[in-house]
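An overview of the molecular structure
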Amino acid sequence: MASRTDAKSVTGNGPRTSTPTLPIWGPHQVLSRRSAGSVNSQANVTAPGGEAGSGQFPVVPRPHRAVDNLEDLRMKHTRQQHPLPLRSCDLRYTPPSWSMTQPVGSASPSAQCQGAVGLLLLLLQLGRGQREPPPLHRQWTGQPSPSGTRSPALSGTRGEASRAMLGVKVTLLKSLQPSGRLAPGLLEDQEPGGEHGRQKLALGEPQLAQPEHAHSIRLDGDIILGGLFPVHARGERGVPCGELKKEKGIHRLEAMLFAIDLINKDPDLLPNVTLGARVLDTCSRDTYALEQSLTFVQALIERDGSDVRCANGDPPIFAKPDKVVGVIGAAASSVSIMVANILRLFKIPQVSYASTAPELSDNVRYDFFSRVVPPDSYQAQAMMDIVTAMGWNYVSTLASEGNYGESGVEAFIHISRESGGVCIAQSVKVPREPRPGEFDKTIQRLMETPNARAVIMFANEDDIRRILDAAKRNNQSGHFLWVGSDSWGSKISPVVGQEKAAEGAITILPKRASVDAFDRYFRSRSLSNNRRNVWFAEFWEENFGCKLGMHGKKPGSPKKCTGLEKVGRDSTYEQEGKVQFVMDAVYAVAHALHRMHRDRCSGPGLCAAMANMDGKELLSFIRAVNFNGSAGTPVTFNENGDAPGRYDIFQYQINNQSTTEYKVIGQWTNQLHLNMEALQWASGDWSLPGSVCSLPCRTGERKKVVKGAPCCWHCERCEGYHFQASQFTCELCSYEQRPDHNRTGCQPIPIVKLEWSSPWAVVPVFISVLGIIATTFVILTFVRHNDTPIVRAAGREMSYVLLTGIFLCYVITFPMIAAPDVAVCSFRRIFLGLGMCFSNAALLTKTNRIHRIFEQGKKAVTAPRFISPTSQLFITFFLISLQLLGVLVWFAADPPHTFVDFGEQRTQDPERARGVLKCDISDLSLICSLGYSILLMVTCTVYAIKTRGVPETFNEAKPIGFTMYTTCIIWLAFIPIFFGTAQSAERMYIQTATLTVSLSLSASVSLGMLYMPKVYTILLHPELNVPKRKRSFKAIVTVATMTSKLSQLAAERPNGEVKTELCEGVEPTVSSTKTTYVSYTNHAI
């Protein structure tokens, strides 16, 4: 075996020194900048959790000195030494004479691994949560280091295959560092959007030390095997790793190391060939395991350091990564699937000791994957046989999100459908990242079908523990009949502290036997003789509840470790269930290597023919092994790499002495053999509990036979407006009824109307009351000053008509809100459009009169017809009579009445359904009633536009124009609000409030613009309300025409010219300097 004592790698992290370093290829390899002429290469490394400046030691190995104290002992356990055959030199980067903007991943076709690495990067980036992988293009620029030197610069733009690989290693740098962080000299930022975010690299910047878990064990050997174990649980809130797993992590890891020790000592198995190992922590997370597993493929990636030079011009010496020929693991199926996609690209065989997802049996997608445990398809059949033997036909399923849980439940459901004897009540899935209270919700959801007491569980160990805890917390201990898969098996950790909730659980586990040799080995482990396991110190603290010095992982521990503790004596110990399979997996690869060695090599030791072994050939040897495993059971693989199905059936029982145990109650080997007399349930009950489907349904529910399961039915509640008509049917209530509380019959739907206390009524009534008061005040003011010039100039008769219309617009609010009956509906029909008709007819008559007068004045000095007050009143009332005629026709064709609209507030929840009492005024009738008034308003607006040029001194054309413009805007806003809420449940309230407010606003605009200025003058400025001399019609028209012409020419001629032209043909007149209110009724015509 080649000696490797000259170089050992180190795992650990801590504060960085100011010396910039640059990772090149190998795991944990560092090129250290030192002064020219240095002979020995050293790298300052800080142990995990160390203080700044402490724990630094050179990479070059030194003889171990005696352990002075436990703190020093723990520091040694947190360091892992690996080879670093690098020659110290000053790096210089020679820029290439040409550059390409091509991404690094697009290397030349000469790179054999180019496509594999590209896909590898794609999987990594997707695993980190990025939507799309960024191009591998990186431009490294030297940055001044804190010491003032400049770090070497590398350019990632060259299209050579080796440069592509270098860019790959930069992107995957996290997977190459012991702590999962970037190497010294590189700074990493975390960004949201993925489990690990994206990396931002910058050379020469210091990185603060943060305590993290070591993640790598390395054993020297001629042939290196990889190992993936869940040493730590999944972290929370962005932290990759959580708490230590003593059984599932440390026991299994030590089983691999123990198996390697036995193989290396066996003279008949791989003689003179030493097996080594590279063991990584997956932290129970698939994406994190993917990053770690990239360490296994480093040796298969071509390297090129042509652009890196030492100060003296010599090329640097790179440490050669260990070539991993096979990988043992992983545990979780989701992790194995993620890793298998990478390993198959590099043809590295993988043998799992615990992954049982049926998906992994696909020999096309996972052709380099094998396992020493049977797949869940066998397990699901065994669990179905257990349920059938118990007489249960109504069960729920519970799965952890991921390939293992979802595939297992899917296989069970598929078998249940084929058999037709078991009905699935609910299929609940636990999220990969459960939120607080998620497990309480899961228990509550399972309780929705209380008859389905049996729960088939394909869940990971952590989820099982939290489900049991939630059942205990919700006082459901003893209710559920758990049937657990091999992830539960006979483990102690899921049931610790919640024994009552787990009592009676039936679990399944691949047939195994305890390995006594491993028990003796593990009990003999201590801090002094197990330094190769970098996590053993953490296990020691966790197992004995103590603290190792100031750098301990348990700062709050009440006691310190003495170092004299002993596993099994000072702590409970029971061999983890998968230890046998871990050892069988290692032995399977060893036997395959032994047969390959026997075929290729003529003598003992590693020959040249096996130096570059083909992974596909090794896979064929693995699939062909057949030997007795560590428990005496045969180890074989079928064509898909699966082991045969052999299971032990356990039940978790509590005996009279309150001691707990997993008792073997049967076994399954293609068929079930169950000892029914050995079963024991909660509180010593020996009677078989039930979990059946065909219980009577509750009141208001009907029985719905499950398709494909005639033995079972679901109780389906009569939803919506249906009530239970018979045991198997639900019928719909009549349109004006809804189901009663028990849904055994129907009852009338409550009838509602718009109440005066509703906010939808209070606001319109308030506006209406204010308007009525203001209108009454204006009318009284005009009546009191009826003979004053301002009132006469405004046209007394037409003003009273207009004020009447305004008053009616305010009054209509009250019948619109009042409870509908025949009288109220009649008032609504009459006054809904009558108020607007009064106002718009009066305004239209006035604007039409002004327009005709001045149009006639342009042609002759004679006054037009029908401009007297009597004529104006006649025209106005004629226009109003058309509105009244339409209302009479409406009364004759469809007499007013009320009805109840059950469709307006017919909600999905019948309890909230209401019938709305309405008048029979449809939307079409409303449009017709208001349409005539709106037509008058538009016509009036047109005349207001035509008369906008008439001087305001002589008429009200401009105030009328502003009034009509504003009114048009109000009704343009009314239309979309009124008709846009036709489908709303609050339709009645919104439309009534919108209509009444629009009418009140229209009246307020007319009142404010036309009459408030006059009232202001009458009351506060009576000196302006005095009679003026009368003018003839000719004088009025002449002045108006001249003013209009002056306004037109003012825009075309310079100042002064217009006045000269006009004065040439007009006799000078004396103009008044004060505003004169003129009414055409005051002039002799």
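Please read these numbers as outputs of a predicted model, since none were measured by experiment.

**Quick look at the overall build of the protein**
The helix and strand tally for the protein stands at 27 helices and 33 strands. The contacts in the protein between residues at least 6 apart in sequence include a share of 70% that link residues at least 24 apart.

**Observations regarding the nonpolar core**
Generally speaking, nonpolar side chains in soluble globular proteins are found buried as a group. Counting 70 residues, the largest nonpolar core has Met256, Leu275, Tyr353, Phe518 and Leu593 as its most contacted members. The dominant element in this core, judged by the number of residues it contributes, is helix H14 (residues 579-600), at 13 residues. Ranked by size, the runner-up nonpolar core spans 47 residues in total, among them Leu832, Leu926, Cys968 and Ala1003.

**A look at the confidence of the model for the protein**
Of all residues in the protein, 71% attain a pLDDT of 70 or more, and the chain-wide mean is 75. Within the protein, strand E3 (residues 31-32) has the poorest average pLDDT of any element, 32, and strand E13 (residues 350-352) the best, 97. Residue range residues 1056-1085 is modelled with pLDDT below 50. Its contacts to residues more than four positions away, or to other chains, number 45 contacts.

**So, the state of the cysteines**
Within this structure, the stated rule accounts for 6 disulfides. The disulfide bridge from Cys546 ends at Cys561, spanning 1.9 Å between sulfur atoms. Between Cys546 and Cys561 the disulfide shows an S-S torsion of about 90°. By sign, it is right-handed. With Cys546 in the loop between helix H13 (536-544) and H14 and Cys561 in the loop between H13 and H14, the pair connects residues that are 15 residues apart, well separated along the chain.

**Regarding the pattern of salt bridges**
All chains considered together, the criterion is met by 29 salt bridges. Between Arg600 and Glu617 there is a salt bridge whose closest N-O contact spans 2.1 Å. A residue pair is termed long-range when its members are at least 10 positions apart, and Arg600 in helix H14 and Glu617 in helix H15 (residues 615-623) qualify at 17 residues. Here Glu617 falls in the partly exposed class, since its relative accessible area comes to 26%. Salt bridges sharing partners connect three or more residues here, namely Glu243, Lys245, Asp462 and Arg465.

**Side note on the sheet that holds strand E14 (residues 369-371)**
In a beta sheet, neighbouring strands are held together by backbone hydrogen bonds and run either parallel or antiparallel to one another. Pairing is mixed in the open sheet, where 6 strands are placed in the order E6-E10-E7-E12-E13-E14. Looking along the sheet, the strands with just one partner apiece sit at the ends: strand E6 (216-219) and E14. Taking the axes of each pair of neighbouring strands and ignoring which way they run, one obtains an average angle of 20° across the sheet. Its contacts with the sheet place H14 against strand E7 (223-229), strand E10 (275-281), strand E12 (324-328) and E13, and it is angled at close to 155° to E7. Each of E12, E13 and E14 touches H15; the most contacted strand, E14, lies at about 25° to it.

**Details of the packing of helix H21 (residues 869-893) against helix H22 (residues 923-946)**
Think of two packed helices as two axes; the pair is described by the angle between the axes and how far apart they sit. Closest axis-to-axis distance for the H21/H22 pair is 11 Å, and the angle between their directions is 175°. Our classification of the angle between H21 and H22 gives roughly antiparallel. Contacts between H21 and H22 involve Leu879, Leu882, Gln883 and Trp890 on the former and, on the latter, Ser925, Ser929, Tyr932, Ser933 and Leu936.

**Brief notes about the environment of Phe650**
Inspection of the secondary structure puts Phe650 in strand E22 (residues 647-654). A relative accessible area of 8% places Phe650 in the buried class. Taking the C-alpha atoms as reference, Phe650 lies 8.6 Å from Gln667; in sequence the two are 17 residues apart. With residues near it in sequence (within four places) discarded, Phe650 still touches Ser490, Ala505, Ile506, Thr507, Leu509, Tyr662, Lys663, Val664 and Ile665.

**Digging into the packing of aromatic side chains**
For the structure shown, the criterion picks out 21 aromatic pairs. Relative to Trp482, the ring of Phe480 has its centre 5.1 Å away and its plane inclined at 35°; by these criteria the two rings are tilted. Taken as a pair, Phe480 and Trp482 share a single burial class, namely buried. Here Trp756 and Phe814 contribute two aromatic rings whose centre-to-centre distance is 6.5 Å and whose plane-to-plane angle is 35°, an arrangement assigned as tilted. Taken together, the positions of Trp756 in the loop between strand E31 (751-752) and helix H16 (759-784) and Phe814 in helix H19 (residues 813-817) put the pair 58 residues apart, joining distant regions of the chain. It is Arg829 that lies over the ring of Phe891; its NZ or CZ is 5.6 Å from the centre. Sitting over the face of the ring of Tyr721, Arg906 holds its NZ or CZ atom 4.0 Å from the ring centroid.

**Some points on helix H4 (residues 246-265)**
With 20 residues, H4 extends 27 Å from end C-alpha to end C-alpha; this agrees with the ideal 28 Å at 1.5 Å per step. The buried fraction of H4 amounts to 15 of the 20 residues, a majority that puts the element mostly inside the structure.

**Focus: the side chain of Ser998**
Within the fold, Ser998 resides in helix H24 (residues 987-1010). Ser998 sits in the buried class, given a relative accessible area of 6%. Apart from residues lying up to four places away in sequence, Ser998 is in contact with Ile970, Trp971 and Phe974.

**Regarding the pairing of E6**
A two-sided burial pattern is seen for E6, the buried positions comprising Ser216 and Arg218 on one face and Ile217 and Leu219 on the other. Inspection of the sheet shows E6 paired to E10 by 4 bridges, in the antiparallel sense. Within E10, the position partnered with Ser216 by the bridge is Leu280.

**Things to note about the packing of helix H18 (residues 796-811) against H21**
Between H18 and H21, whose axes approach to 9 Å, the crossing angle comes to 25°. In terms of orientation, H18 and H21 fall into the roughly parallel class. For the pair H18 and H21, contact is made by Glu797, Met798 and Val801 and by Pro869, Gln872, Leu873, Thr876 and Phe877, respectively. Residue classes in the contact of H18 with H21 are distributed as 5 nonpolar, 2 polar and 1 charged.

**Some details on helix H12 (residues 516-523)**
Phe518, Asp519, Tyr521 and Phe522 are the residues of H12 that are buried. For H12, the angular spread of the buried residues around the axis is 165°, confining them to a single face.

**Considering the sheet that holds strand E19 (residues 506-510)**
Spatial strand order, E16-E15-E17-E18-E19-E22-E23-E24: 8 strands in an open sheet with mixed pairing. Each edge of the open sheet carries a strand with a single partner, namely strand E16 (423-430) and strand E24 (672-674). Strand-to-strand twist in this sheet, taken as the mean axis angle between neighbours without regard to direction, amounts to 25°. In terms of strand pairing, strand E23 (residues 660-668) meets E24 through 3 bridges, oriented antiparallel. Its bridge partner lying in E24, Gly666 is registered against Leu674. Across the face of the sheet, helix H8 (residues 403-419) comes into contact with strand E15 (394-400), E16 and strand E17 (454-458) while running at roughly 160° to E15.

**Description of unusual backbone geometry**
Of note, the amide linkage connecting Gly329 to Ala330 takes the cis form, showing an omega dihedral of 5°. For Ala330, the location among the structural elements is in the loop between E12 and helix H6 (333-343). A positive phi angle, close to 60°, is found at Asn272, a residue other than glycine. You will see that Arg743, though not glycine, has its phi angle at about 60°, which is positive. Assignment of secondary structure puts Arg743 in the loop between strand E29 (737-739) and strand E30 (746-748).

Cut-offs applied
- Residues numbered from 1 in each chain as written.
- Predicted model: local features only at pLDDT ≥ 70, side-chain atom pairs only at ≥ 80, totals over all residues.
- Heavy atoms only, no water.
- Helix = DSSP H or I, 4+ residues; strand = E, 2+ residues; numbered from the N terminus.
- Contact = heavy atoms within 4.5 Å.
- Core = buried A, V, L, I, M, F, W, Y, C linked by side-chain atoms within 4.5 Å.
- Buried < 20%, exposed > 50% of the residue type's maximum accessible area, 1.4 Å probe, protein only.
- pLDDT = per-residue confidence, 0-100.
- Disulfide = S-S within 2.5 Å.
- Salt bridge = Lys/Arg side-chain N within 4 Å of Asp/Glu carboxyl O.
- Pairing = 2+ DSSP bridges.
- Axes fitted to C-alpha atoms, helices over the stretch in contact; angles between N-to-C directions.
- Parallel < 35°, antiparallel > 145°, perpendicular 65-115°, else oblique.
- Phe/Tyr/Trp six-rings, centres within 6.5 Å; stacked < 30°, edge-to-face > 60°.
- Lys NZ or Arg CZ within 6 Å of the ring centre and 35° of its normal.
- Expected span 1.5 Å × (residues − 1).
- Nonpolar A, V, L, I, M, F, W, Y, C, P; charged D, E, K, R; others polar.
- Arc of directions from axis to C-beta.

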